[in-house]
Amino acid sequence: MSRERMIELLKKQRLVEELVHSQNQPRQALVETIVQRQHLGELHNLLGQLPADEIAAVLESLPAEDAERLWTQVAPERQADILWEVSDRLGERLVGAQEPGFSDSQMNAYELVEGRLRQVSIQRRQDLVGLGAIWIDLLNATKAERACLGKHYGLALPDPGEATDLEVSSRFQVDEAQDIHLHSNFLLDREGDARSVPVIFILHRGILFSVRNEELPVFRLLRRRASTQPGYVADAKDLLLDLYATDVEYSADSLEDIYATLGKVGRQVLSKNLSDNEAATILADIAEEEDLNGRIRGNILDTQRALSFLMRCKVLLPPQLDEIRQILRDIDSLNSHTAFLFDKINFLMDATIGVININQNKRLSKMTVFGVVFMPLNILAGIGGMSEFSMMTQGIPWPLAYGGVVVAMGLLGWLTYVGVRYFENRKGDVAAA
């Protein structure tokens, strides 16, 4: 309906312009301006609601003059995405020789030169011609850019966010063209924000394609190593295995941070004086580390499944299979560490809750002692408030009578307190012995 409405608005605008120009009226310019603003405002709203591919389809279906008129209403930040969808003939008519460009932060291509990775800047479509890349990394690439790149290489590049909705069994597969597709999760451990980021890998004709929506430390580390160390990688499969190996290494570093945090928390929990506020803070820290430990365990499990799938594909060389076995051994060792950390986290959680219970018991004990001390005083005060007390103290001046009662109450309370403390200390000595 939006598409038909857009075409109808263009026809109405053209018709109104013809009618206004055919009549010579004093307020012709004012009428034309008001009508144009009304139509252009509705066109802007419709263009903001339609995706780039539908706008491109509308442009292709319009006459050349109407297409140019509609193009002037497209927001500048959306023009590049739409240009990827239209034909070369229409694109040249709309913008001339200008081509939609790739942003360096969105797409990076890497060639293998003298055993090192070398980044190739891709700013336009012609830069893909003759490119000998072994790795093309897409970061926050738009749908139009993924479609253009996929069309050039003859494959489909999906969105990583949509790929995570697939069934677990279809996350690792080999298609009819013998391309290997892997949908893996990589750990992103930032202070206070640890999560798993989905990444799509496609091995296609000796080129590794990676599609992701967030920058990851694993990718930065691999680029630095492969660009400075000759022979670090030999082909696209080596790159893929090194990415998984680096992810396991990154997970191990995160586990070390958990060890350090839990060590500090353990010293606080086992200290003599721990307030309830401090215990609440410790519980929050423990919960955060437990969540991170769980994410690491899930992440390395995903990596383990991906490596096992690659071994079953029987497309790797013997040295690469040996590298996978080494990575799997590292994963096994990390699994034992995560299991140990879960036990330690549970112990610290129980110990912290126990400290909170002890603090509550101490407060209840103080309230109990307070009640025991004042119980005989209440009895004595009750007796002092009765009429019999006046009869018992008849002939004694009231200041002396009531003063004596107050002194007796204070002495009785002090003796009761000393007695309670004596029996508590004696019970503690007996328990210690």
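We now examine the overall build of the chain. When you go through the chain residue by residue, the secondary structure sums to 14 helices and 7 strands. Burial statistics for the chain: of 433 residues in total, 38% are counted as buried. Partitioning the intrachain contacts of the chain with sequence separation of at least 6 by distance along the chain shows that 68% fall at a separation of at least 24. Carbon and sulfur atoms form 55% of the exposed surface of the chain, whose accessible area is close to 24600 Å².

Let us look at unusual backbone geometry. Located in the positive-phi region is E114, a residue other than glycine, with phi close to 55 degrees. Relative to the helices and strands, E114 is located in the loop between β1 (107–113) and β2 (116–120). Taking the relative accessible area as the measure of exposure, E114 reaches 70% and is therefore exposed. Even without a glycine there, the phi angle at N140 is positive, about 55 degrees. As for its position among the elements, N140 is in the loop between β3 (133–139) and α7 (143–153). The partly exposed category is assigned to N140, whose relative accessible area is 41%.

This next bit is on the sheet that holds β1. Strand order in the open sheet formed by 7 strands is β2-β1-β3-β7-β6-β5-β4, and the pairing between neighbours is mixed. The open sheet has two edge strands with one neighbour each: β2 and β4 (172–174). Adjacent strand axes in the sheet meet at a mean angle of 25 degrees, parallel and antiparallel pairs treated alike. Judged from the 11 bridges that link them, strand β5 (residues 180–190) and strand β6 (residues 193–204) form a sheet pairing that is antiparallel. Within β6, the position partnered with S184 by the bridge is V199.

Here the focus is the packing of helix α9 (residues 217–228) against helix α10 (residues 236–269). Where α9 meets α10, the closest approach of the two axes is 9 Å, and the angle between their N-to-C directions is 120 degrees. The angle between α9 and α10 places the two elements in the oblique class. Crossing of α9 against α10: the hand is right-handed. Only L239, D242, L243, T246, D247, E249 and Y250 of α10 make contact with α9, whose side of the interface consists of P217, V218, F219, L221, L222 and R225. Looking at the contact of α9 with α10 residue by residue, the classes come out as 8 nonpolar, 1 polar and 4 charged.

As a further point, take the nonpolar core. W135, L182, F201 and L310 are the most contacted members of the largest nonpolar core, which totals 59 residues. Taken together, the elements giving at least two residues each to this core come down to β3, β5, β6, α9, α10, α11 (276–313) and α12 (318–384). A per-element tally of this core places α10 first, with 13 residues. Sequence-distant contacts of F201, that is, excluding residues within four places in its chain, are made with I180, H181, L182, F186, L208, F209, S210, F219, L240, L243 and Y244. Core analysis: the next-biggest nonpolar cluster, separate from the first, contains 23 residues, L43, L59, L62 and I82 among them.

On to the packing of α10 against α11. The N-to-C vectors of α10 and α11 enclose an angle of 160 degrees; their axes lie 10 Å apart at closest approach. By the angle between their directions, the pair α10 and α11 is classed as roughly antiparallel. Classified by chirality, the crossing of α11 by α10 is left-handed. The residue makeup of the contact of α10 with α11, split by class, is 17 nonpolar, 7 polar and 3 charged.

Another point: the environment of L243. Note on placement: L243 falls in helix α10. Among the residues examined, L243 registers a relative accessible area of 0% and is labelled buried. Along the primary structure L243 and L221 are separated by 22 residues, whereas in three dimensions their C-alpha atoms are 9.1 Å apart. Setting aside residues no more than four positions away along its own chain, L243 makes contact with W135, F186, F201, L208, V218, F219 and L222.

Most of strand β7 (residues 207–212) is tucked away, with 6 of its 6 residues classed as buried. Side chains I207, F209 and V211 of β7 all project onto a buried face; the interleaved residues L208, S210 and R212 project onto the opposite face, where all are buried too. Two elements, β3 and β7, share 5 bridges in a ladder whose sense is parallel. The partner of I136 across the bridge, within β7, is F209. Counted along the chain from β6 to the antiparallel partner β7, the turn is 2 residues long, and its residue R205 has a positive phi close to 50 degrees.

By the secondary structure assignment, L46 is in helix α2 (residues 28–49). On the basis of relative accessibility, which here comes to 10%, the residue L46 falls in the buried class. Residues L46 and M6, 40 residues apart in the sequence, show an inter-C-alpha distance of 7.1 Å.

Right, let's talk about the packing of aromatic side chains for a bit. Tallied over the entire structure, the rule returns 10 aromatic pairs. Judged by centre distance (6.0 Å) and plane angle (35 degrees), the ring pair of F172 and F309 falls under tilted. One end of the pair, F172, is in strand β4; the other, F309, is in helix α11, and 137 residues separate them in sequence. Taken individually, F172 and F309 each receive the classification buried, so the pair is uniform in this respect. Between F186 and Y244, the aromatic rings sit 5.9 Å apart at their centres with planes inclined by 20 degrees, giving stacked as the arrangement.

Let us look at α9. Working note: α-helix, 3.6 residues per turn, so residues spaced by three or four point in the same direction. Here α9 spans 17 Å end to end across 12 residues, near enough to the 16 Å set by a 1.5 Å rise per residue. All of the buried residues in α9 are V218, F219, L222, R223, R225 and A226.

Thresholds, definitions, all that
- Numbers given to residues run from 1 along each chain, matching the order in which its sequence is written.
- Totals for whole chains, interfaces and linings use all residues, but because this is a predicted model, local features are given only for residues with pLDDT of at least 70 and pairs of side-chain atoms are given and counted only at 80 or more.
- Each side-chain value is derived from all of the structure's non-hydrogen atoms; neither hydrogens nor water enter the calculation.
- In this description a helix means any DSSP run of H or I spanning at least four residues, a strand means any run of E spanning at least two, and both kinds are numbered starting from the N terminus.
- Burial here depends on accessible area, computed with a 1.4 Å probe over protein chains only, as a share of the maximum for the residue type. Under 20% is buried, over 50% is exposed, and the range in between is partly exposed.
- We call two residues in contact when some of their heavy atoms are within 4.5 Å.
- Areas reported here follow the Shrake-Rupley algorithm with a probe of radius 1.4 Å; residue values treat only the protein chains shown as occluding.
- Note: two strands are recorded as paired if DSSP finds a minimum of 2 bridges between them.
- Fitted lines through C-alpha atoms serve as axes, helices being fitted only where they are in contact, and the angles separating the N-to-C directions of these axes extend from 0 to 180 degrees.
- Roughly parallel refers to an angle under 35 degrees, roughly antiparallel to one over 145, roughly perpendicular to one between 65 and 115, and oblique to any angle outside these ranges.
- Helix crossings get a hand from a simple test, with the near helix turned counterclockwise from the far one by less than a right angle marking a left-handed crossing and a clockwise turn marking a right-handed one.
- Here the term charged refers only to Asp, Glu, Lys and Arg, the term nonpolar to Ala, Val, Leu, Ile, Met, Phe, Trp, Tyr, Cys and Pro, and the term polar to all other amino acids, Gly among them.
- By nonpolar core we mean a set of buried residues, namely Ala, Val, Leu, Ile, Met, Phe, Trp, Tyr and Cys, connected to one another through side-chain atoms within 4.5 Å.
- Paired rings are identified among Phe, Tyr and Trp, the last through its six-membered ring, by centres lying within 6.5 Å, and are further divided according to the angle between planes into stacked (under 30 degrees), edge-to-face (over 60) and tilted (the rest).
- One fewer than the residue count of a helix, multiplied by 1.5 Å, yields its expected span.

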